[in-house]
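Inside the fold
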Amino acid sequence: MNPFIFLHKRGNLKEASLAVTLRDETQRFKAIVDTIEDGVVFVDDKQRIVLMNPAAGILTGWKPDDAVGIDSRNVIKYTLEKGVPIPQENDPLMQVFTTGQSVKNNNLFLLTRDNQQISIALNISPLKDEAGDVIATVLVIRDVTKERAEEQQRADFISTASHEMRTPVAAIEGYLSLALNNKVANIDSRARDYLEKAYSSTKHLGELFQDLLTSAKAEDGRLTSHPRVVELGEFLEKVSNDLRIVANGKGLDMEFRSNSDTSINATSESLGGEKVVRPLYYAYADPERIREVVTNLFDNAVKYTEQGKITLCITGNKQVVQCFIRDTGPGIPSEDTPHLFQKFYRVDNSATRTIGGTGLGLFICRKIIELYNGQIWVESKLGEGSTFFFNLPRIDNQKALTMIKNTPATD
Ligand code: ADP
């Protein structure tokens, strides 16, 4: 029964006036919620919709009055990209009820009543009772289709522009390099000095365009990838030979290690007629993309380290293959480490001001590693060097060999 009618019936004047005040408050509250441009939905602890504003009605395709009392999961159907349902353990609404914390997700899609998909930003906040238990939640849903389309346009523009500009820059770089080659051109020392500076800036520009192009592709999922089963131990050992030259060129030592973990069943193989035991680290990834990540992390280690050693190590356990690159460089302040893998983020200190870079390398590394369901992170202490890690899901040796056997030959 409506509480206002109930109080009026009892004829208690004081209570009746309280009821009127309450009704006024409720109406005022409803008027405010109704004018909000974002969709606002109140959901009780049984997951039923208690209130829905008109904006949420337009977004979902449900009349607010029809939606009230219905299980919210039948009305607000959000999915991951391409209609992939969210696993129950990651359902934002459930997370708010179980953790009591707000949840934000800007990368979801709302499935409307007539099966249209719209990009949304979702924010769910808990309403708690005095004991701190969540008794309801407030969902704020914003249609971000336009923003997403604009982002896509921006990414397309960056991609096209960087692609177009990279070509003439590569030509300039080529000619400058010819001009600097003693066998091809004769130049005096002053001209050499100017050309060397021009060459170095052009090289930097070329790298910037390349990084911009790769990061734009990584963002909209156009990064080319030809994944296959790859044994990363042997692969990285080969890669390390090229990297050693880079490190030694700057007077730094370089060590490659392949660690066996006792929890892993090491495989015996016959190599060169000699019986050796060495762990095999199979993963499913495009080896060229993994080379890009390792080279990027290694180049950074060399770039930011003045003296000491760079270690490239491959290790793992039953679940993951882990690769890390450790340096004896300046280290990274703890307040910067959570942001390092974001686009354009560079630590602001004297070293980065003098050492060139785009702040895109680690962002690209993260995007590549995430492509293969891996994780990438850094551990560092100021003054004590940095270690960049990445993990990739490991494929059991037997399964890997079967997968390789069943892969059709490409040529
Ligand atoms: P950049 O082109 O600036 O090197 P990255 O995305 O590769 O861009 O790296 C982001 C920032 O992280 C760098 O600007 C630098 O401040 C910091 N950084 C990366 N690797 C190291 C390292 N091995 N030692 C110290 N700082 C590092």
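Residue indices follow the written sequence of each chain, beginning from 1 at its first position. Reporting in this predicted model follows two pLDDT cut-offs: at least 70 for local features of residues, and 80 or more for side-chain atom pairs to be given and counted; totals over whole chains, interfaces and linings ignore these cut-offs and use all residues. Each side-chain value is worked out from all heavy atoms of the structure, with water and hydrogens disregarded.

**Observations concerning the nonpolar core**
If you look at the biggest cluster of nonpolar residues, it comprises 48 residues, and the most contacted ones within it are Leu232, Ile290, Val294, Leu297, Ile325 and Phe390. Numbering of helices and strands runs from the N terminus; a helix is a DSSP stretch of H or I covering at least four residues, while a strand is a stretch of E covering at least two. Sorting elements by how many residues they give to this core places helix H9 (residues 287-304) first, with seven residues. Any pair of residues with heavy atoms lying within 4.5 Å of one another is described as a contacting pair. Sequence-distant contacts of Leu297, defined by excluding residues within four places in its chain, comprise Ile325, Leu362, Cys365, Ile376, Phe388 and Phe390. Residues belong to a common nonpolar core when they are buried Ala, Val, Leu, Ile, Met, Phe, Trp, Tyr or Cys residues joined through side-chain atoms within 4.5 Å. In this scheme, a residue with accessible area under 20% of its type's maximum is buried, one over 50% is exposed, and one in between is partly exposed, where area comes from a 1.4 Å probe on protein chains only.

**Some points on the site of the ligand**
Near is defined per residue: the residue qualifies when any heavy atom it owns lies within 4 Å of the molecule or strand. In the region of the ligand, 19 residues are neighbours, and Asn300, Asp327, Arg346, Thr358 and Leu362 sit closest. Counted as a polar contact is a pair of N or O atoms within 3.5 Å, where, for protein atoms, one must be capable of donating a hydrogen and the other of accepting one, and residues adjacent in sequence contribute only when both atoms are in side chains. Within the side chain of Asn300, an N or O atom sits 2.8 Å from an oxygen atom of the ligand. Residue Gly361 places a main-chain N or O atom 3.3 Å away from an oxygen atom belonging to the ligand. For the ligand, the protein covers 97% of the area, taking 530 Å² as the surface of the free molecule. Elements that contribute at least two residues to the shell around the ligand include exactly H9, helix H11 (361-371) and strand S15 (386-395). Sorting elements by how many residues they give to the shell around the ligand places H9 first, with four residues. Here the term charged refers only to Asp, Glu, Lys and Arg, the term nonpolar to Ala, Val, Leu, Ile, Met, Phe, Trp, Tyr, Cys and Pro, and the term polar to all other amino acids, Gly among them. For the shell around the ligand, the class distribution of residues is nine nonpolar, seven polar and three charged. In this description, accessible areas are obtained by the Shrake-Rupley approach with a 1.4 Å probe, and a residue is regarded as covered only by the protein chains that are shown.

**Section: the packing of aromatic side chains**
Side-chain rings of Phe, Tyr and Trp (the six-membered ring for Trp) are treated as a pair once their centres are within 6.5 Å; stacked means planes under 30 degrees apart, edge-to-face means over 60, and tilted covers the remaining angles. Enumeration according to the criterion identifies four aromatic pairs in this entry. Ring centres 5.4 Å apart and planes at 50° place the aromatic pair Phe324 and Phe389 in the tilted group. Of the two residues, Phe324 is situated in strand S13 (residues 320-326) and Phe389 in strand S15; the sequence distance between them amounts to 65 residues. The pair formed by Phe324 and Phe389 is uniform in burial state, with each residue classed as buried. With 6.3 Å between their ring centres and 70° between their planes, Phe341 and Phe388 make a pair best called edge-to-face. One end of the pair, Phe341, is in the loop between S13 and helix H10 (350-354); the other, Phe388, is in strand S15, and 47 residues separate them in sequence. For the pair shown, Phe341 and Phe388 are each scored as buried. An aromatic cluster is defined as three or more aromatic residues linked by ring pairs; in this entry it consists of Phe324, Trp377 and Phe389. Two conditions define a charge sitting above a ring: the NZ of Lys or the CZ of Arg must be within 6 Å of the ring centre, and it must be within 35 degrees of the ring normal. In this arrangement the basic side chain of Arg113 is found over the ring face of Trp62, its NZ or CZ atom lying 3.7 Å from the centre.

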